[in-house]
Amino acid sequence: MSGHIPVMLTEVLQTLAPRDGGMYLDGTFGGGGYASAILSSAACTLYAIDRDPDAIARGAAVAARFPGRLHLVQGRFGDMLELMREQGVGKLDGVVLDLGISSFQIDQAERGFSFRFDGPLDMRMEKSGPSAADLVNKLPEAELADILWELGEERHSRRIARTIVAARAEQPIETTSQLVRIIHSCMPRDPSGQDSATRSFQALRLKVNDELGEVERGLAAAVQLLAPGGRLVVVAFHSLEDRLVKRFMQQAAGRGPGVSRYVPVAAERMAKPAFRLVSSNALRPGDAETSANPRARSARLRVLEKLEEATCSAP
Ligand SMILES: C[S@@+](CC[C@H](N)C(=O)[O-])C[C@H]1O[C@@H](n2cnc3c(N)ncnc32)[C@H](O)[C@@H]1O
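Residues numbered from 1 in each chain as written. Predicted model: local features only at pLDDT ≥ 70, side-chain atom pairs only at ≥ 80, totals over all residues. Heavy atoms only, no water.

Trainee: How should the sheet that holds strand β5 (residues 226-236) be read in this particular structure?
Mentor: The strands making up a sheet associate through backbone hydrogen bonding, with each pair oriented either parallel or antiparallel. Taken in spatial order, the seven strands of this open sheet run β3-β2-β1-β4-β5-β7-β6, and their pairing is mixed. The open sheet is flanked by β3 (70-74) and β6 (275-277), the only strands paired with a single partner. When the angles between neighbouring strand axes are averaged without regard to direction, this sheet yields 15°. Bridge analysis of strand β4 (residues 92-98) against β5 gives six bridges, and the strand direction is parallel. Residue pairing in the sheet places valine 95 in a bridge with leucine 232 of β5. Here helix α12 (residues 239-252) sits on the sheet in contact with β5, β6 and β7 (300-306), set at roughly 25° to β7. (Pairing = 2+ DSSP bridges. Helix = DSSP H or I, 4+ residues; strand = E, 2+ residues; numbered from the N terminus. Axes fitted to C-alpha atoms, helices over the stretch in contact; angles between N-to-C directions. Contact = heavy atoms within 4.5 Å.)

Trainee: Could you clarify how one ought to interpret the side chain of threonine 290 in this entry?
Mentor: Residue position: threonine 290 is located in helix α14 (residues 287-292). Only 3.1 Å separates the side chain of threonine 290 from the backbone oxygen of aspartate 287, close enough to count as a polar contact. Setting aside its immediate chain neighbours within four residues, threonine 290 contacts Pro285, Ala296 and Arg297. (Polar contact = N/O pair within 3.5 Å; in protein donor to acceptor, adjacent residues only side chain to side chain.)

Trainee: How should the packing of helix α9 (residues 176-186) against helix α10 (residues 198-208) be read in this particular structure?
Mentor: To characterise two packed helices, one gives the angle between the axes of the helices and the distance between these axes. Contact pair α9 / α10: the axes reach a minimum separation of 10 Å and the direction vectors enclose 130°. Between α9 and α10, the interaxial angle falls into the category oblique. Note that α9 runs across α10; the crossing there is right-handed. Of the residues in α10, those in contact with Thr176, Leu179, Val180 and Ile183 of α9 are Ser200, Phe201 and Leu204. Per-class residue counts for the contact of α9 with α10 are five nonpolar, two polar and no charged. (Parallel < 35°, antiparallel > 145°, perpendicular 65-115°, else oblique. Left-handed = near helix turned anticlockwise from the far one by under 90°. Nonpolar A, V, L, I, M, F, W, Y, C, P; charged D, E, K, R; others polar.)

Trainee: Hey, could you run me through the site of the ligand in this one?
Mentor: Neighbouring the ligand are 24 residues; Asp50, Phe77, Asp98, Gln105 and Glu214 lie closest to it. Phenylalanine 77 places a polar main-chain atom, nitrogen or oxygen, 2.8 Å from a nitrogen atom of the ligand. One nitrogen or oxygen atom from the side chain of glutamine 105 is found 2.8 Å from an oxygen atom belonging to the ligand. Along the lines of polarity and charge, the residues of the shell around the ligand split into seven nonpolar, eleven polar and six charged. (Near = heavy atom within 4 Å.)

Geometric values such as these leave the question of function open.
See below:
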């Protein structure tokens, strides 16, 4: 199994700017690529969260390389306020989130994330709770179609949902390749060359792991944990996530149109914004990175900095 190549690592280090004595949080430890680089770049302390027990188990080797400086916590970054409180952590000098799944997860057929490999239709980062198979076998047709439409932006959502419901009446859908065959049977070949199962797999993964809900909760919690001068760095890989990150950061910096229920109330009410956008547009990976690592192609990095101490109330 190949490892995970950290995406936009140079830009993450430049914008997070770890300093000696600082305290940081990596909310998506994954293969530990960011974590190792942060700990190597400054004599700082790093808390690292991942909801996948396999990622935390792999992290022991990284922790051993940085004695006493890396603290691994299994859980969801949406719960980072509670998780950090349990660790006795108050304020942080920076938080980084690298959204989505790692190559370790997608390349392991038995995790069921990829339509390219035959495996159980699972997709659970935490290895617990309802799986993708539970959704496709149990949800009513209309609900399935809504998920494909809203989380996969799949134009043929109704047709695919109808075909899934007909197929599961014959036989339960238990593997990734069964689902791929069902989708292919009712979909035209995509002229772009993209596999016609791509969007449905994305939608199911986002739903199984409540990934957009996690992003909303994680952003709101991260800004409450930041010390003045602290930065929130987020790398997103698809438009639904990036849109949430962009809106949240713009509103926190007093630039957004409406009022988000996720931006801490006190920060919104302040005459002067309590945060600033470090760069008004998202940073993108360079050509050298995207040719070396095609998975970096869709990455967008956004950075928010806390300017002053705001009395943030929970959203
Ligand atoms: C793209 S990988 C991170 C890779 C990491 N930056 C590196 O350099 O190795 C995303 C990781 O975040 C984890 N993850 C995704 N959503 C999460 C959440 N809500 N809470 C905690 N971990 C999450 C996944 O399990 C995965 O291991």
